[in-house]
Amino acid sequence: MDSKNTKIVFVVVIIVAAVFGFLGGKLYLQHRQWQTIDVPEVSPNAASPSPWSDFNLPTADKTDNPSPADNGGGVLPSGGTDGEVLDAMPDDGAVLDAMPDDDGEAKAESSKQAAKSSKPSTPSKPLTEKEKKEQEFKELLHKEHLEFYKKLFKDPEKLGFVPDAQLFKSVYMCIRSSYVENVSDNKLYDGVVDEVGVLLEAKGLSADGLKKLDPERSALAQLDELYGDKFDQRVLYYSAIQGMLGGLGDPYTVLMTPEEYGKLQEEVQSKGFGGIGIYIELDKEAGNQITVADPVEGCPGEKAGLESGDQILAIDGESTKGMALDVATNKIRGKVGSSVVLKIRRSGVKEPFNVTVKRAMIHVVSVNGKMLDNSIGYVRLRQFGSHTGEELHKELAKLIKAGAKGMILDLRNNGGGYIDASISVCGEFLPKRSLVVYTEGRVEKRNNYLSVKEPLVKVPVVVLMNRYSASASEITAGALRDHKIAKLIGETSFGKGSVQQIFPYNDGSVLKMTVAHFYSPSGYKINHQGIKPDIVKDMDPRLVGKGEKDIQLQRAVKYLREGR
């Protein structure tokens, strides 16, 4: 890719309006037995008092999981684990998770440094052009973050629930007992200090008091002493909870408001919904900023002028800084005929600008197939939705009946979906009861997922993948390669290999938290690393399906035709 294109922020696909609910990149939620959570009673002999709350906590190796999940693993629409999510997206193609670049998102500074860092820092040495753009972008995001809190000051009721000390304790306890890895209190503490620092800045108050916080004492008690008379308690505690979660450096572990969660539940079960027809994703190169990956042709987003690479700074005035993809998708979608306002930052345009888009009913087919020259079958998967397995089976059967001598499975710009959809897809190629993927977490050490049907495809196979192939796409590519069924051509995939679980609370809010990681059949950890192709062929993701410009597809055809 040339230097000009590298300046454009690309993102993995997802469609903010896709027919099946949320994708997955996002695998989907199961609601069969989710219950509200009561904070467990704590024995007087439990662990020593935590600086995070005023009650004792179980040690990290206990399995007092407040979620009613049966056994670990990803979400399966049938016979699967209750309450767990993969990518946390319904199957209408809204978004596919994207994992952070590396652990660099975690706060590495001390509490004092974090307090000072609430404002973008100014480097002491001259900045390169790239660094200047990055700095400008950080300042823009910071500004939007401040604006969000200023609006919250005026209307705390907007949250739709009451963040209190009990909720703070419950979230902390879930992290300690069930988060995918052990996290130090110092890391969480720094996250709180950093976020509350932004809250104070939005209010025009000094953050000097944060320097005096004692990590050995209750965080909330100290915040109450310092700022209890300056903020609505709901806003102060909400900021503290968001800071604690931010300290994890994990964009898939988020607290959802009752409204956000309610919309997610509705859309998981819907077959159509109001949206604007765009794929969005987290751009790792821009601090996991929500970005337009691909406007769908003929849909409202494209008609309104949205372009690939557009960074969405705010949705209806709410900053997207730190916002999860499923939350962003819920906010962009809505009633058919209603409008949503997106604040856009575009490469080459000096100032951010607003785009108002009128929502329409969006329908997206997850599988498309056709026969190429030389009797090569081609199927593209846009998402792993609830009907993807049956749609793929029909397309493959047509191509095989038509005499396909080779098959190309195109997973480019596919952010994921249901884990059972991935298993169903793999079942068209793998022998029955082959290991497709397994998960490992702190609570459940290992959970295997096996193919469940006889394979339909018995001709040579190539899987196309790129930097925006994520989650279920990576599971599929890894399984087919490990079992020596397919050659992988393209680019190293995104590296989103984590499982999220839902923890609902009595006040209607919901914690969506990462509880496990995925491993390919050979034991390769997908998260943060991605799946590496057998044949590397770099290409601008926006050229997928663009005829002769699609050099990755051409390379796949050559391999099947020549065997090399």
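The rules we used
- Every chain is numbered independently, its residues counted from 1 as its sequence is written.
- Reporting of local features is limited, given that this is a predicted model, to residues whose pLDDT is at least 70; pairs of side-chain atoms are given and counted only at 80 or more, and all residues count toward the totals for whole chains, interfaces and linings.
- The basis for every side-chain value is the complete set of heavy atoms in the structure, and neither hydrogens nor water enter the calculation.
- Each residue is placed in one exposure class: buried if its accessible area under a 1.4 Å probe, protein chains only, is under 20% of its type's maximum, exposed if it is over 50%, and partly exposed if it falls in between.
- Secondary structure elements are defined from DSSP: runs of H or I of at least 4 residues count as helices, runs of E of at least 2 residues count as strands, and each element is numbered from the N terminus.
- Between the rings of Phe, Tyr and Trp (Trp by its six-membered ring), a pair exists once the centres lie within 6.5 Å; its type follows the angle of the planes, with under 30 degrees stacked, over 60 edge-to-face, and the other angles tilted.
- The rule for a charge over a ring is simple: NZ of Lys or CZ of Arg within 6 Å of the ring centre, and within 35 degrees of the ring normal.
- Axis definition: a line fit to C-alpha positions, over the contact stretch in the case of helices; interaxial angles, taken between N-to-C directions, run 0 to 180 degrees.
- Here is the rule for angles: anything less than 35 degrees is roughly parallel, anything more than 145 is roughly antiparallel, 65 through 115 is roughly perpendicular, and the remaining ranges are oblique.
- Crossing handedness follows the turn of the near helix against the far one: under a right angle anticlockwise gives a left-handed crossing, and clockwise gives a right-handed one.
- For this analysis, residues touch if any pair of their heavy atoms sits within 4.5 Å.
- In this classification, Asp, Glu, Lys and Arg are treated as charged, Ala, Val, Leu, Ile, Met, Phe, Trp, Tyr, Cys and Pro as nonpolar, and every other residue, Gly included, as polar.
- Looking at any residue, its pLDDT shows the predictor's confidence there, from 0 to 100.

Chemist: I tried to follow helix α12 (residues 419-427) on my own but got confused; where do I start?
Modeler: Along an α-helix, residues three or four positions apart point the same way, because every turn accommodates 3.6 residues. Counting buried residues along α12, eight of its nine residues qualify, which places the element largely inside the surrounding structure. Taken residue by residue, α12 has I419, A421, S422, I423, S424, V425, C426 and G427 as its buried positions.

Chemist: Help me understand the packing of aromatic side chains in this model?
Modeler: Between two aromatic rings, the relevant description is the distance of the centres plus the angle of the planes. For the structure on display, the rule yields four aromatic pairs. Ring geometry for F148 and Y238: centres 6.4 Å apart, planes at 50°, overall tilted. One end of the pair, F148, is in helix α3 (residues 129-154); the other, Y238, is in helix α7 (residues 233-246), with 90 residues separating them in the sequence. An identical accessibility class is assigned to F148 and Y238; each is buried. Look at F153 and F231: their rings are 5.7 Å apart centre to centre, the planes differ by 45°, and that puts the pair in the tilted class. Placement of the pair is F153 in helix α3 and F231 in the loop between α6 (219-227) and α7, with a sequence separation of 78 residues. Chaining the aromatic ring pairs together yields one cluster made of F148, Y149 and Y238. Sitting above the plane of the F153 ring, K203 keeps its charged end 4.6 Å from the centroid.

Chemist: I tried to follow the packing of α12 against helix α13 (residues 472-482) on my own but got confused; where do I start?
Modeler: To describe two helices that pack against each other, one gives the angle between their axes and the distance between the axes. Across the interface, α12 lies against α13 with an axial gap of 9 Å and an inter-helix angle of 30°. Considering their axes alone, α12 and α13 lie roughly parallel with respect to each other. The handedness of the crossing between α12 and α13 is right-handed. Judged by residue contacts, I419, S422, V425 and C426 of α12 engage A472, I475, T476, A479 and L480 from α13. Its residues assigned to classes, the contact of α12 with α13 shows seven nonpolar, two polar and no charged.

Chemist: Looking at this structure, how should I read the confidence of the model for the chain?
Modeler: The predicted coordinates ought not to be read in detail in places where the model reports low pLDDT. Per-residue confidence for the chain gives a mean pLDDT of 78, with 76% of residues at or over 70. Below pLDDT 50 for its whole length, residues 1-119 participates in 498 contacts with residues either more than four positions away or in separate chains.

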